[in-house]
Number of protein chains: 2
Amino acid sequence: MARRADQERIAQKREQIAAQAGRLFAAQGYERTSVAEIATAVGISPASVFYYFNDKAALFRAVFERDLPAAEALIARHADAKEPVSAILDVLGELAKDAIDPGASGMLVELLRRAEHDPDLIAVVGRTSEVVRDGLAVLIVRGIDDGDIDPALDPIQTATWLQAIVDATYLNARPGYSPLPELRRTAMGYLTTFPSQGVDHRD
Amino acid sequence: MARRADQERIAQKREQIAAQAGRLFAAQGYERTSVAEIATAVGISPASVFYYFNDKAALFRAVFERDLPAAEALIARHADAKEPVSAILDVLGELAKDAIDPGASGMLVELLRRAEHDPDLIAVVGRTSEVVRDGLAVLIVRGIDDGDIDPALDPIQTATWLQAIVDATYLNARPGYSPLPELRRTAMGYLTTFPSQGVDHRD
DNA sequence: GTCTATACTCGGATAGAC
DNA sequence: GTCTATCCGAGTATAGAC
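Cut-offs and rules
Residues numbered from 1 in each chain as written. Chains lettered and ligands numbered in written order. Predicted model: local features only at pLDDT ≥ 70, side-chain atom pairs only at ≥ 80, totals over all residues. Heavy atoms only, no water. Helix = DSSP H or I, 4+ residues; strand = E, 2+ residues; numbered from the N terminus. Buried < 20%, exposed > 50% of the residue type's maximum accessible area, 1.4 Å probe, protein only. Contact = heavy atoms within 4.5 Å. Lys, Arg positive; Asp, Glu negative; His and termini not counted. Charge placed at Lys NZ, Arg CZ, Asp CG, Glu CD. Least-squares fit on C-alpha atoms with pLDDT ≥ 70 in both. Domains from an automatic or database assignment. Buried area = accessible area lost by both parts, 1.4 Å probe. Near = heavy atom within 4 Å. Polar contact = N/O pair within 3.5 Å; in protein donor to acceptor, adjacent residues only side chain to side chain. Expected span 1.5 Å × (residues − 1). Bend = angle between axes of the 7 residues up to and from the residue. UniProt positions renumbered as here; feature names shortened; annotations may be inferred. Salt bridge = Lys/Arg side-chain N within 4 Å of Asp/Glu carboxyl O. Nonpolar A, V, L, I, M, F, W, Y, C, P; charged D, E, K, R; others polar. Core = buried A, V, L, I, M, F, W, Y, C linked by side-chain atoms within 4.5 Å. Phe/Tyr/Trp six-rings, centres within 6.5 Å; stacked < 30°, edge-to-face > 60°. Lys NZ or Arg CZ within 6 Å of the ring centre and 35° of its normal.

## Considerations on the overall build of chain A
When its secondary structure is counted, chain A shows eleven helices and zero strands. Along its sequence from the N terminus, chain A presents helices and strands in the succession α-α-α-α-α-α-α-α-α-α-α. Seen through its principal axes, chain A has C-alpha atoms that stretch 75 × 40 × 30 Å. For chain A, with 203 residues in total, the buried portion stands at 47%. Across chain A, the fraction of contacts at a sequence separation of at least 24, relative to all contacts at a separation of at least 6, is 70%. Charge separation in chain A, taken as the distance between the mean sites of 22 positive and 30 negative side-chain charges, equals 8 Å.

In structure tokens form, the structure reads like this:
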């Protein structure tokens, strides 16, 4: 029983450290944030941080390991929606919700940069983004079946592109301004612009 | 005359150093690229690099100072186009062209990171992106006047959003795959989706 | 488990000879 | 202008006491 209690306590401490690390990484960047700084924010010594995490890179990954359950819940919540297109817009809106938070943009940028040379990190965020991508693809297929989405679109490729658009909202984030209208209009226009509508045939 | 020759020689050397720096920053990131490494790539000593640039941050900015003339030329080239919408798509295509180059994505990410705490860098890239944004806005206004673009759209805000979409193509870049079709379809859908078309009024 | 103290490495920047 | 040599600060990670 003591064993179990210890495990939980360790998990809590890891969570606490990861939270502070995430905050500081987002605000200052990975390299510009020292382990000593994170330790101070938590109220422990640098050495203690290394007791809970093997190295600094593991600390960064921990921040994103927390996202997977949230992504799974989000997709599950909309999987059985009656209106696929509407569900897609809702999912995108949820994903972009954090974009309003200043610092979320910084964290995305930091993630993209580090993902290029940390295979373990790629694995962590890859799982999360696959869950979202596949969930969106399923909705796209249903939207096509319903005749609401252009059947010429490839579901997986389109889902990937929609995720990229969400990333764009993060990059475009500014305080006191919500990118949701642009996002919805963009996705809507992309999904439902049938070739016959998009091209001008006047003569 | 000797004075002029020297100036040109210095400019050439600066250009040479900036080119190597850009390549390495894109591939490895700013902090992970040492000045010594850049110096080696050019074939000079680290001290010589500091003869041409005050510090490492100035070296990074130099990479982007070269973009302004190109942006001005791009906008000027399309300013008098007969078909505004078509011109906008062409401009976006040109902007996204570099996205195919592996490493361009890395450089964008690096830029976004560093821009947050280097005011001088913000000034440098700000000028370039303003030129593009204003150029696009002018085309959008003309597209609205022609009745090809939804008049409900705010030109400046829309131009800014289109730039964000271009950034998204960089993030979505993968080798052997061009994001141009997605980009064109997205912009087209966004600009020309009139509210009366976008909403389904079946009953 | 958490600390203090520190070993070790590395990178930016400068001094001063040539 | 370009070099060699070097200073200095910072940061990761570890050793070992408690």
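## Structural notes on the relation of the copies chain B and chain A
With an RMSD of 0.1 Å, the fit of chain B onto chain A corresponds to turning through 180° and sliding 0.0 Å along the axis. What the rotation and shift describe, once combined, is the action of a two-fold rotation axis. Nearest to the rotation axis, the C-alpha of Gly189 of chain B is located 2.2 Å from it, this being the minimum over chain B. Most of the interface of chain B is mirrored in chain A, where 98% of its interface residues are also at the interface.

## Here we look at the domain arrangement of chain A
All names here are of chain A. Its domain assignment divides chain A into domain 1 (2-63) and domain 2 (66-193). With centres defined by C-alpha atoms, the gap from domain 1 to domain 2 works out at 28 Å. When domain 1 packs against domain 2, the two sides together hide about 1100 Å² of surface, and 59% of this comes from carbon and sulfur. Among the residues of domain 1 in contact with domain 2, Phe60, Arg61 and Val63 are the three that bury the most area, contributing 51% of the side total.

## Let's talk about the protein's contact with DNA strand D
Surrounding DNA strand D, one finds 16 residues, the nearest of these being Phe50 and Lys56 of chain A together with Ser45, Ser48 and Tyr52 of chain B. Of everything in DNA strand D that lies within 4 Å of the protein, sugar and phosphate atoms constitute 64%. Taking Arg9 of chain B, its side chain carries an N or O atom lying 3.1 Å from a phosphate oxygen of DNA strand D. Separating a phosphate oxygen of DNA strand D from a side-chain N or O atom of Ser48 of chain B is a distance of 2.6 Å. For the surface near DNA strand D, the elements supplying multiple residues, two or more each, are helix H3 (46-52) of chain A together with helix H1 (2-28) and helix H3 (46-52) of chain B. Among the elements that make up the surface near DNA strand D, the one with the highest residue count is H3 of chain B (four residues).

## Brief notes about helix H8 (residues 119-146) of chain A
All names here are of chain A. Over its 28 residues, H8 extends 39 Å from the first C-alpha to the last, a length consistent with the 40 Å expected when each residue adds 1.5 Å. The largest bend along H8 reaches roughly 25° and is located at Gly126. Capping of H8 at its N-terminal end is provided by Asp118; its side-chain oxygen lies 3.1 Å from the backbone amide nitrogen of Asp120. Gly147 sits one or two residues past H8 and shows a positive phi near 85°.

## Remarks on the protein's contact with DNA strand C
Of all residues adjacent to DNA strand C, which total 17 residues, the nearest are Ser45, Ser48 and Tyr52 of chain A together with Val35 and Lys56 of chain B. In the model, a phosphate oxygen of DNA strand C is placed 2.7 Å from a nitrogen or oxygen of the Ser45 of chain A main chain. Ser48 of chain A is positioned such that a nitrogen or oxygen atom in its side chain is 2.5 Å from a phosphate oxygen of DNA strand C. Put simply, the parts of the chain that give the surface near DNA strand C at least two residues each are helix H1 (2-28) and H3 of chain A together with H3 of chain B. No other element matches H3 of chain A, which puts four residues into the surface near DNA strand C.

## Description of the UniProt feature "domain: HTH tetR-type" (unreviewed entry) in chain A
The UniProt record marks residues 11-71 of chain A with the feature "domain: HTH tetR-type" (unreviewed entry), using the residue numbering of this structure. The straight-line gap between the two end C-alpha atoms of residues 11-71 of chain A is 21 Å; of that span, 79% is helix and 0% is strand.

## Considering the interface of chain B and chain A
In this complex, chain B contributes 40 residues to the contact, which on the side of chain A involves 39 residues. Both faces considered, chain B and chain A share a buried interface measuring about 3400 Å² in area, 57% of it formed by carbon and sulfur atoms. Contact with chain A buries area across many residues of chain B, yet Arg113, Trp161 and Arg185 of chain B alone supply 22% of it, more than any other trio. At the junction of chain B with chain A, the criterion picks out five salt bridges. There are 14 residue pairs in polar contact (both at pLDDT 80 or more) connecting chain B and chain A. Going through the elements one at a time, H1, helix H7 (104-115), helix H9 (155-171) and helix H10 (180-192) of chain B are the ones with two or more residues in the side of chain B that touches chain A. Sort the elements by how many residues they give to the side of chain B that touches chain A and H9 of chain B lands first, with nine residues. Of the residues that constitute the side of chain B that touches chain A, the class distribution is 15 nonpolar, twelve polar and 13 charged.

## Let's talk about the environment of Ser34 of chain B
All names here are of chain B. Mapped onto the elements of the fold, Ser34 is located in the loop between H1 and helix H2 (35-42). Residue classification places Ser34 among the partly exposed residues on the basis of a relative accessible area of 34%. Taking the C-alpha atoms as reference, Ser34 lies 9.3 Å from Pro46; in sequence the two are twelve residues apart.

## Some remarks on the nonpolar core
In this structure, Ile88, Leu92 and Ile149 of chain A together with Ile88, Leu92 and Ile149 of chain B are the most contacted members of the largest nonpolar core, which totals 70 residues. Apart from residues no more than four positions distant in its own chain, Ile88 of chain B is found in contact with Leu136, Leu139, Ile140, Ile149, Leu162 and Leu191 of chain B.

## Some words on the packing of aromatic side chains
For the structure shown, the criterion picks out ten aromatic pairs over all chains. Between Tyr30 of chain A and Phe60 of chain A, the ring centres sit 5.5 Å apart and the planes meet at 85°, which makes this aromatic pair edge-to-face. Of the two residues, Tyr30 of chain A is situated in the loop between H1 and helix H2 (35-42) and Phe60 of chain A in helix H4 (residues 56-65); the sequence distance between them amounts to 30 residues. Arranged with centres 5.4 Å apart and planes meeting at 55°, the rings of Phe60 of chain B and Phe64 of chain B form a pair that is tilted. With Phe60 of chain B and Phe64 of chain B both in helix H4 (residues 56-65) and four residues apart, the pair spans about one turn of that helix. Each member of the aromatic cluster is reached from another via a ring pair, and the members are Phe25, Tyr30, Phe60 and Phe64 of chain A. The ring of Tyr177 of chain B is capped by Arg174 of chain B, whose NZ or CZ atom sits 4.6 Å from the centre of that ring.

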